[in-house]
Amino acid sequence: MSTESHRPSFLQRYIFSTDHKVIGIQFLFTSLFMLLFGGLLAMLIRWQLGWPGHPLAFMEKIAPEGMPGGIMVPEYYNMLFTMHGSIMIFFAIIPLLVGVFGNYLIPLKIGAGDMAFPRLNMISYWMMPPAIAIVCAGFFLQGGAAAAGWTAYAPLSTTLGPGQVCWIVAIIVLGTSSIMGAVNYVTTIINLRAPGMSFFRLPLSIWALFITAIMVLLATPVLASALILLLLDCTAGTSFFLPAGLIIDGIAQHNSGGQVLLWQHLFWFYSHPAVYIMILPAMGIASEILPVFSRKPLFGYHSMVYAIIGIAGLGFLVWAHHMFASGMNPTLGTSFMISTMIIAVPSAIKTFNWLGTLWRGSIRLTTPMLHALGFVSMFVIGGLTGIFAAATPVDLYIHDTYFIVGHLHYVLFGGSLFGIFAGITFWFPKMFGRMLNETLGKLHFALTFAFFNAVMFPMFILGIAGMPRRIYDYTQYAHLAHVGGLNRMMSVAAFCLLASQLLFIINFFWSLFRGKPAGDNPWQANTLEWATSSPPPHGNFTVTPTVYRGPYEYSVPGHAKDWLPQHDPLPSPGGH
Amino acid sequence: MTRSRWFSSLALAVFVGIGCGSGKPPEASAKTTTAEPAAPMQLAEAPAAAAPVVAGSASVRGTVHLNGTAPKGEVVKMGADPVCQQQHATPVVTEEVVANAQGGLKNVFVYVKEGLSGSFPAPTTPVVLNQTGCWYQPHVFGIQANQPLEIVNDDATLHNINAKPTTNQPFNVAQPVKGMKTTKKFTKPEVAVHFKCNVHPWMSAYVGVVEHPFFAVSGDDGAFSISGLPAGTYVLEAWQEKYGTQTQKVTVGDGAAQTVDFTFNAQ
Amino acid sequence: MLTVVLRLAAAVTVWLAAAAAAWADATPGVRIWLPEAITTTAPEIDRLFYCVLVITGIAFVLVEATLLVFLIRYRARPGRSATYTHGNSLVEIIWTVLPACLLLVLALRSQRVWARVRGTPPTPQLEVEITAEQFAWNIRYAGADGTFNTADDITTVNQLHLPVQKTVLIRLKSKDVIHSFFVPQFRMKQDAVPGLTTHVWISATKTGHYEIACAELCGLGHYRMRGYLTIETSEAFQAWLAQTLAEQQT
């Protein structure tokens, strides 16, 4: 908790700040903007799927090459789903969960004044705007932005234009930003915990962010290496992923010695842990919110911690379940099937423990609680549908179909995004000193929940019917001639889903300026961030707190209030 | 809370109604872009050059011969795409070398290579390249640099026009819907630029891009004609997609017509 | 309490009705569900699918119903406070062991089917080579001499004919990028990878006309990489081979 004797300039306080809270909020605004952009791209995808080949007049001005006369061409569609996926994963979900909540919450919840490396933290945010500029530059280059899917499988990704190269460079930049952030998180959590804050008194969201950061440190360098190899194959004539004998576009290629499947192994070695990087913080947030609004301790705190560690560890052993049909040795199909089945167990444990937290609670359905419950209920669907894919022979059928698209959207939107909404609505009062409007918040949740299910649940049906993914025009196939109606309904729901986010945007900005003042602890919660003002001062705590108990001592028998903060020196029976 | 549930269920029912009520699924050949009638400019099998701005009165004509027997074209497997196959009652062969019984060689691009002076502004009327029956029409044609090239999809199937020039900017544009048009320009002279379609690999066309209007493509009988030339001495080049190029020098006076013949040897 | 449950039930009914309406929008007689299974292994895969569906379906209903019941039963009411407990080791052990057992059962069942479809294939009675390219399937039959890449090979583009009730081994290659050979009615897909030859074997049980789709993004024509699969009697198949060979040689 350093005291600054000089008065920092506007630039130092709000633009190039080293204060973790400011950096967290910078990530928040940037990532929410990218979330909206990714959502708009999805609307164009849903337009094409609902009304294939129909013109969308105003798009002719915006994308004259991609939608001439308003009619989408196939390469534009390929670019749309590539950029939708890439932006959502790398520029929205990961920065929101890891960049926003990691940065904002870690020092506050462990009782520290800031991160261990504040300047490194600032650099890690400031790598994001250049990455955005680079990836979006692709839209203006010949051939458009990247169009090989967010998975960028070689050799296809080596045959596309400069937009693909921009994509590769941008992700390398973002990966570097992630690694910097992770170094900070791990160091801060290990070294800067307040007195009394033992590891097993840490709030579960901090455990989740801690383990997530370790995953980032182990996995992201592999992605960066793979991307550098791919970049060389695209630009320098190397053959890491390109075998001999390729004939691309009628021209014999001069590569030899490369292995196509190597890209997939390297890519998924990162990208599977990445999906756990995208769910663990959300699980941590849900575990934080459920006790507060059930007024009950988290059920099975220790198991929850071990489950997080289990998911993270096993998460590094399942990557090739994305490759069952890839042509790899079938024995690997068996081994990865086993590890994938095993990883379902810790997720199940967590789900039951959340239910256990609700059991015999005193439940208040506030907006953050609704989003957290939405997270739990939708993550269950995402997780259960994953089991179909884990059963390898079934995966041979549903791989690369809409079943997988449905599964991934249930875990990423139903899971991660509801977790993000839960976190934003829960910590908005702390961040900005004002309350969000509850009525708008509940309405936003209800509409988002309903429309989200309406878009995503039929995807399972479509996948079972055999509709492949990444298909510009499914009406080409006789066996898909009858799915048009369902696709149209999903598209209408998608438009309504995006429109519903207006409620969130209005609520957010209106409350920023006109929300009811929040006070220090509007939710009557126990963790350390609620022990200081809203928003907290630079340095977070005027006096370093001392921690006496765990984070979820709610409804302690014999105690007058139904909450007992971690830093309150009153003794508590049975606390640890 | 329950009110929100009612609302969301109602909303769900409403838009399901919208989805279901929209009628039958759309077809790939959407009834959207009205296919305007193709501009009647320069569409013929042996397109004539546009009338030159600086009109001379000399002309050069002749015949391109093939010495020997033309190799047979390959039969195209149109079954790959039923939309293509339906449009052809008889099997189609590739057009790499097409000669008539007298040895007249078709689809040879003949143009003035050297000897012209002055500039010839590009016409604004487009040259049209059609994709009909999964076949490029015409197979070989000429265009002036910076003259618009309008590429039209006449088929109810996806074509992509993959142009692979070496001097000009390459492009690859998909036209998934019948009637779609794409307009492109070549800015630099290049003989010849190859077009192919990735969806129908047998489709092939060539365009000779020159900076003046003095070019022609030999017809079924191997005959070609270039008129409106100013008097002078020129080098003429004949380009054939398999046999390469041949040049000949010719001198023409005002109002005169010179005959220049080319002969390629069959291999 | 009762009114809350009734309202929830009404909402669920409306939702189900909406879903049914979307279902019914399907062309009469055509359902949006698993297409017919036309190979010897496809029904096994379907049985495994239904097994997973039943287990996950029950888990889904139990978990979501429990969630809803808890939300209603344990909502905040004046005079009632939450029960202070940190957990219950026995219960946690049960709900760790039970899912683990179910998943073990699924893993064993999956492995049995996996070994059958991807283990050593049975001796094939016919071999076909398919070389995928952007954007077509180049199909090659060995012809009478049984050797590929000889003069009597029969080649087609996008037209795959197979005899019914014969074990067929399909060898997949690619010229340019990754493609994936997918026939929904086979319940089978296999990537065609440049630099590798991958295999898939089937034994068809039903004649008919079906479609091949490309199931790995391969460029702008990916969506149109549609092949035509005809499964016919052995006699019809041989006749087609002979006819195609004759056409090729003219």
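Chemist: Describe the overall build of chain A, with residues and values.
Modeler: From N to C terminus, chain A includes 16 helices and two strands. Each of the three principal axes of chain A carries a C-alpha extent, and together these read 75 × 50 × 50 Å. Burial statistics for chain A: of 576 residues in total, 67% are counted as buried. Within chain A, contacts between residues at least 6 apart in sequence are counted, and of these 79% link residues at least 24 apart.

Chemist: Break down the overall build of chain C for me, with residues and values.
Modeler: The number of helices and strands found in chain C is four helices and ten strands. Starting at the N terminus and walking to the C terminus, you meet the elements of chain C as α-α-α-β-β-β-β-β-β-β-β-β-β-α. By residue count, 37% of the 250 residues in chain C fall in the buried class. Across chain C, contacts joining residues at least 24 apart in sequence account for 66% of those joining residues at least 6 apart.

Chemist: Explain the domain arrangement of chain C to me, using residue names and the numbers behind them.
Modeler: Residue and element names in this part refer to chain C. Here the domain parsing of chain C yields domain 1 (1–8 + 35–75 + 89–119) and domain 2 (126–249). Taking the mean C-alpha position of each, domain 1 and domain 2 sit 36 Å from one another. Residue-level contacts link nine residues of domain 1 with nine residues of domain 2. A breakdown of the residues in the side of domain 1 that touches domain 2 according to their chemical character gives five nonpolar, two polar and two charged.

Chemist: Kindly report on helix α3 (residues 89–118) of chain C, identifying the contributing residues and their values.
Modeler: The end-to-end C-alpha distance of α3(C), which contains 30 residues, comes to 42 Å, matching closely the 44 Å that a straight helix rising 1.5 Å per residue would cover. Turning to α3(C), its buried residues are C:W95, C:P99, C:L103, C:L106, C:A107, C:S110, C:V113, C:W114, C:V117 and C:R118. On its buried side, α3(C) packs onto α11 (330–358), α12 (367–390) and α13 (392–398) of chain A together with α2 (42–73) of chain C.

Chemist: So what about the sheet that holds strand β6 (residues 179–183) of chain C? Which residues, and what values?
Modeler: Residue and element names in this part refer to chain C. With respect to topology, five strands assemble into an open sheet ordered β4-β10-β9-β6-β7, the strand pairing being mixed. Looking along the sheet, the strands with just one partner apiece sit at the ends: β4 (159–163) and β7 (188–192). Ignoring which end each strand starts from, the neighbouring axes of this sheet average 25° apart. Strand direction decides the pairing type here: β6 and strand β9 (residues 208–214), joined by two bridges, are antiparallel. Bridging from a neighbouring strand, F181 pairs with C214 of β9. Each of β4 and β10 (227–232) touches helix α4 (residues 234–249); the most contacted strand, β4, lies at about 140° to it.

Chemist: Before we move on, can you summarise the interface of chain A and chain C with the specific residues and values?
Modeler: The partner chain C presents 78 residues to the 87 residues of chain A that form the contact. By residue number, the principal contributor to the side of chain A that touches chain C is α11(A), which donates 15 residues.

Chemist: Help me get a handle on the nonpolar core, residues and values and all.
Modeler: A:L280, A:A286, A:I289 and B:V110 are the most contacted members of the largest nonpolar core, which has 340 residues in total. Examining the composition of this core, we find that 24 residues originate from one element, helix α4 (residues 74–110) of chain A, more than from any other. Structurally, this core is a two-domain feature, drawing no fewer than three residues from each of domain 1 (1–8 + 35–75 + 89–119) and domain 2 (126–249) of chain C. What A:I289 contacts, discounting residues up to four positions off in sequence, is A:P368, A:M369, A:A372, A:A422 and A:F426.

Chemist: Please give an account of the packing of helix α9 (residues 260–294) of chain A against α12(A) that cites residues and values.
Modeler: Residues and elements named next belong to chain A. Packing of α9 against α12 leaves a shortest axis separation of 9 Å and a crossing angle of 130°. Taken together, the axes of α9 and α12 are oblique relative to one another. For the pair α9 and α12, the crossing hand works out as left-handed. Listed contacts from α12 to A282, A286, I289, L290 and F293 of α9 are P368, M369, A372, F375 and V376. The residue makeup of the contact of α9 with α12, split by class, is ten nonpolar, no polar and no charged.

Chemist: Got a sec to walk through the sheet that holds strand β5 (residues 140–144) of chain B? Specific residues and values, please.
Modeler: Residues and elements named next belong to chain B. An order of β5-β11-β10-β7-β8 is seen for the five strands of this open sheet, with the pairing classed as mixed. Of all strands in the sheet, those with a lone pairing partner are β5 and β8 (171–175), marking the two edges. Mean inter-strand twist for the sheet, computed between neighbouring axes without regard to direction, equals 25°. Sheet analysis places strand β10 (residues 190–196) next to strand β11 (residues 204–210), joined by five bridges and oriented antiparallel. Across the sheet, E190 pairs through a bridge with V209, a residue of β11.

Chemist: Explain helix α8 (residues 204–235) of chain A to me, using residue names and the numbers behind them.
Modeler: Residues and elements named next belong to chain A. Taking 1.5 Å of rise per residue, the 32 residues of α8 would be expected to cover 46 Å, and the 45 Å separating its terminal C-alpha atoms lies within 8% of that figure. The largest bend in α8 amounts to roughly 30° and is located at A219, with the proline P221 lying one to four residues further along. The positive-phi residue at the C-terminal boundary of α8 is G237, with phi of around 75°.

Chemist: Requested: an account of the environment of A:A494, with residues and values cited.
Modeler: Residues and elements named next belong to chain A. Mapped onto the secondary structure, A494 falls in helix α16 (residues 484–514). Expressed as a C-alpha distance, the spacing of A494 and A454, which sit 40 residues apart in the sequence, is 8.1 Å. With sequence-adjacent residues up to four places away left out, A494 is seen in contact with A42, M43, R46 and V455.

Chemist: Tell me about unusual backbone geometry, residues and numbers included.
Modeler: Note on backbone geometry: most residues besides glycine have negative phi, and most peptide bonds are trans. At the junction of A:S534 and A:P535, the peptide bond is cis and its omega measures out at -5° in the coordinates. Checked against the element boundaries, A:P535 lands in the segment after α16. Backbone torsion omega between B:V191 and B:A192 reads -5°, so that peptide bond is classified as cis. Look at A:S555: it is not a glycine, yet its phi comes out positive at around 50°. Mapped onto the fold, A:S555 is located in the segment after α16.

Chemist: Can you break down the packing of helix α2 (residues 20–50) of chain A against α4(A) residue by residue, with the values?
Modeler: The description of two helices packed together rests on the angle between their axes and the distance between the axes. All names here are of chain A. Orientation of α2 relative to α4, taken along the N-to-C sense of each, is 160°, at an axis distance of 8 Å. Taken together, the axes of α2 and α4 are roughly antiparallel relative to one another. In this structure, α2 meets α4 at a crossing whose hand is left-handed. Among the residues forming the contact of α2 with α4, the class breakdown is 23 nonpolar, eight polar and one charged.

Chemist: Explain the environment of C:R118 to me, using residue names and the numbers behind them.
Modeler: Considering the arrangement of structural elements, one finds C:R118 in helix α3. When the C-alpha atoms of C:R118 and C:C214 are compared, they prove to be 20 Å apart, with 96 residues separating the residues in sequence. With residues up to four places along the chain from it excluded, the contact list for C:R118 reads A:P330 and A:G333.

Chemist: How would you summarise the confidence of the model for chain C if you had to cite specific residues and measurements?
Modeler: All names here are of chain C. Looking at chain C as a whole, its pLDDT mean stands at 89, while 88% of the residues score no less than 70. Within chain C, the lowest mean pLDDT, 55, falls on helix α1 (residues 2–24), and the highest, 97, falls on β6. Here residues 24–29 scores under 50 on pLDDT; set against residues more than four positions off or in separate chains, the count is seven contacts.

Chemist: How would you sum up the environment of C:Y228? Please name residues and give values.
Modeler: Inspection of the secondary structure puts C:Y228 in strand β10. When the C-alpha atoms of C:Y228 and C:I212 are compared, they prove to be 6.0 Å apart, with 16 residues separating the residues in sequence.

Thresholds, definitions, all that
- Residues numbered from 1 in each chain as written.
- Chains lettered and ligands numbered in written order.
- Predicted model: local features only at pLDDT ≥ 70, side-chain atom pairs only at ≥ 80, totals over all residues.
- Helix = DSSP H or I, 4+ residues; strand = E, 2+ residues; numbered from the N terminus.
- Buried ≥ 20, exposed ≤ 12 C-beta atoms within 10 Å, placed from the backbone.
- Contact = placed C-beta atoms within 7 Å.
- Domains from an automatic or database assignment.
- Nonpolar A, V, L, I, M, F, W, Y, C, P; charged D, E, K, R; others polar.
- Expected span 1.5 Å × (residues − 1).
- Pairing = 2+ DSSP bridges.
- Axes fitted to C-alpha atoms, helices over the stretch in contact; angles between N-to-C directions.
- Core = buried A, V, L, I, M, F, W, Y, C linked by C-beta atoms within 7 Å.
- Parallel < 35°, antiparallel > 145°, perpendicular 65-115°, else oblique.
- Left-handed = near helix turned anticlockwise from the far one by under 90°.
- Bend = angle between axes of the 7 residues up to and from the residue.
- pLDDT = per-residue confidence, 0-100.

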